[in-house]
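Results of the structural survey
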Amino acid sequence: MLNHDSNQRLCRVGPDDAMGLAMRRYWLPFMAAAELAVGDDPRGVELLGERFVAWRDDSGRAGLYHQHCLHRGASMRLARAEGDGLRCIYHGWKFAVDGTVLDTPNVADPKFKERIQGRTFPVREAGGLLWTYLGPRAQEPQFPHWPWMDLPDAQRLITRHVEECNFVQVIEGLVDSSHLGLLHMNGLQQSGDVDLGFAQKVNSMQRNLAPRLDVQDTDFGFYYAALREIEDEQGARTEARIAAFVAPCCVLNPNGDIATFVVPMDDERTAFIHIFWSETQALNREPLRSQHLEFIGLTPAVLDAFGLTDETLGRADRPNPRNHFHQDRAAMRQGTSWSGLPGLIEEDVAASVSAGALRDRQHEMLSIADVGVTRLYRTLLACADAVEQGRAPLGIGRGVDWSQVQGTHGVLASEDWRDLIARRQETESEGAA
Ligand code: FES
Ligand SMILES: [Fe+2]
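Within every chain, residues take consecutive numbers counted from 1 along the sequence as written. For this description, chains carry letters from A and ligands carry numbers from 1, given in the order in which they are written. Reporting in this predicted model follows two pLDDT cut-offs: at least 70 for local features of residues, and 80 or more for side-chain atom pairs to be given and counted; totals over whole chains, interfaces and linings ignore these cut-offs and use all residues.

**Some remarks on the overall build of the protein chain**
In this description a helix means any DSSP run of H or I spanning at least four residues, a strand means any run of E spanning at least two, and both kinds are numbered starting from the N terminus. Looking only at helices and strands, the protein chain has 12 helices and 19 strands in total. Throughout, the radius of gyration refers to the C-alpha atoms, and the reference size of a globule is 2.2 Å times the residue count to the power 0.38. Taking 433 residues into account, the globule formula puts the C-alpha radius of gyration at 22 Å, and the protein chain, at 23 Å, falls close to it. In the protein chain, which comprises 433 residues, the share counted as buried stands at 40%. Neighbour density around each residue's C-beta defines its exposure: 20 or more other C-beta atoms within 10 Å make it buried, 12 or fewer make it exposed, and counts between make it partly exposed, where C-beta atoms are placed from the backbone.

Below, the structure is given as structure tokens:
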């Protein structure tokens, strides 16, 4: 439970908001690198309540410019991507990706352009994504080097969809293991019959609906463990599934093969980026690519039908709270569907979005099943406090070894779940040596 003011502080991400200032201290992914080619028209980007345009110059470097031109604010969405820079159509000022002003044709003094700087932001290309840093230049943090960034493109599958609600309620679903066996029960029941590694790994979740949950603070955020006592044909055991929340908006799954970034577009719309990877398989090549997208429910057809793309978000004919997400009540009555929704993603979206665009937390009743959610609030608010008090937020300037930050899972004998993390880290280090 959070009072109104704390909830606003937690959720609002604009340039003058405490959480917005904290989020601006991190590198954030804003689109898949493959979506932006040399010669493409400038693309609109919405991030933390502000608008930008992304483009590539003719040498392939990606740039991010504020939506409004440095000169008198005309929209750079209308600009021309021209060779080595982006040219505003109003008076022709032209900017390079690093902000260098290349041309000011309506100003006779050739020295004028040397005294000014375009409204660009630093952009990095890594792991198949474009990343930017919107904070104060003097405080630009080290760029995080995740192990999955080193894989070939073929072994990394990236998807992006958009949801019509605040980012915090989307992340909540990722540190809330107890909803898996309920909201997603149909998907999990079917998963036993599907020949995909992911499906088999999650199948046992439906056998215990009330996992024990625990959290551990770290330098980058927290680990979140769901412990399930399972008794089946393989005998009795405790299965641990451990996810990592990495401030400010990333969750690494317990299977150690998915990173999710939940990046606010503004206070009430959120971009959800998945990175699926494999050490051995060409996930991003057919037939695996389609199989994975199909199973997770992230095919272009699904995203379009459920209104989860930039183009379809908020369209009245798409499932939304007003039309009850086109829930199939007949299937629910017949017992063929728990949620009446077509798949995992639609279920998550409906659960998050139906709570309200920026949900109220004054009247929520958190339980023992919500320790991840409570820790999420506390961790994010600590980031906002730190920045407000002039300190670096979590994960920044602490020498975090990104190769060691990962989710994990396993069967516990008598040890503590934290030992599984230590064991995985040892294996990782041996592998690297
Ligand atoms: S407003 Fe862009 S060049 Fe004048
Ligand atoms: Fe879910």
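There is more to say after this.
**So, the sheet that holds strand β8 (residues 101-103)**
Paired strands, in this sense, are two strands between which DSSP finds at least two bridges. Strand order in the open sheet formed by four strands is β5-β6-β7-β8, and the pairing between neighbours is antiparallel. Both edges of this open sheet fall to β5 (80-82) and β8, since each of them pairs with a single strand only. Note: β5 against strand β6 (residues 85-87), three bridges, orientation antiparallel. Each bridged residue has a counterpart across the sheet, and for R80 the counterpart in β6 is R87.

**Let's talk about helix α10 (residues 344-353)**
In terms of burial, α10 is largely enclosed, as 10 of its 10 residues are buried. The set of residues buried in α10 consists of L344, I345, E346, E347, D348, V349, A350, A351, S352 and V353.

**Here's the deal with the domain arrangement of the protein chain**
Each domain's limits were defined by an automated method or a database of domain assignments. By the assigned domains, the protein chain splits into domain 1 (27-139) and domain 2 (147-432). Put simply, the middle of domain 1 and the middle of domain 2, counted by C-alpha atoms, are 33 Å apart. By definition, residue pairs are in contact when their C-beta atoms, positioned from the backbone, come within 7 Å. Listed by partner, the interface residues are 13 residues for domain 1 and 14 residues for domain 2. Looking at the side of domain 1 that touches domain 2, the element that brings in the most residues is strand β1 (residues 27-32), giving five residues. Each residue receives one of three labels: charged for Asp, Glu, Lys and Arg, nonpolar for Ala, Val, Leu, Ile, Met, Phe, Trp, Tyr, Cys and Pro, and polar for the others, Gly being one of them. Of the residues that constitute the side of domain 1 that touches domain 2, the class distribution is nine nonpolar, three polar and one charged.

**Quick word on the pairing of strand β11 (residues 129-133)**
By the criterion of burial, β11 is predominantly enclosed, with five of the five residues buried. Where burial is concerned, the two faces of β11 agree: the one with L129, W131 and Y133 and the one with L130 and T132 are both buried. Bridge count for β1 against β11 is five bridges, and the pairing is antiparallel. Opposite A32, over in β11, you have L129 as the bridge partner. Note that strand β10 (residues 123-126) and β11 share four bridges and pair antiparallel.

**Quick look at the sheet that holds strand β2 (residues 43-47)**
Taken together, four strands build an open sheet; the order of strands is β2-β3-β4-β9 and the sheet is antiparallel. Each of the sheet's edge strands pairs with one partner strand only, and the pair in question is β2 and β9 (120-121).

**Some points on the pairing of strand β17 (residues 258-266)**
Strand direction decides the pairing type here: strand β16 (residues 250-252) and β17, joined by three bridges, are antiparallel. Each bridged residue has a counterpart across the sheet, and for C250 the counterpart in β17 is F261. Where β17 meets strand β18 (residues 269-277), eight bridges bridge the pair, whose relative direction is antiparallel. By the bridge assignment for β18, F261 is matched with I273. In this structure, the hairpin formed by β17 and β18 is closed by a connection of two residues.

**So, the environment of L47**
You can see L47 is positioned in strand β2. Overall, the presence of 23 C-beta atoms within 10 Å leaves L47 in the buried class. Through-space distance from the C-alpha of L47 to that of F30 is 7.5 Å; in sequence the pair is 17 residues apart. Non-local contacts of L47, meaning those with residues more than four positions away in its chain, are made with L28, F30, F52, L134, V263 and M265.

**A short note on the environment of R315**
The residue R315 is located in the loop between α8 (300-305) and α9 (329-334) in this model. The class for R315 is exposed, based on 12 C-beta atoms found within 10 Å. Taking the C-alpha atoms as reference points, R315 and G335, 20 residues apart in sequence, are found 30 Å from one another.

**Side note on the environment of G256**
Note on placement: G256 falls in the loop between β16 and β17. With 20 C-beta atoms packed within 10 Å, G256 lands in the buried category. Leaving out residues up to four positions away in the same chain, G256 has contacts with Q406, G407 and T408.

**Regarding the packing of helix α1 (residues 4-11) against helix α11 (residues 371-388)**
The contact between α1 and α11 brings their axes to 9 Å, and the two run at 75°. As summarised for this structure, α1 and α11 are arranged roughly perpendicular, according to the angle between their axes. Residues S6, R9 and L10 of α1 touch α11, and the partners they reach there are Y377, L380, L381 and A384. Classifying every residue of the contact of α1 with α11 gives five nonpolar, one polar and one charged. Throughout, an axis means a line fitted to C-alpha atoms (over the contacting stretch in the case of helices), and angles, computed between N-to-C directions, take values from 0 to 180 degrees. Any angle between 65 and 115 degrees counts as roughly perpendicular, while under 35 counts as roughly parallel, over 145 as roughly antiparallel, and the rest as oblique.

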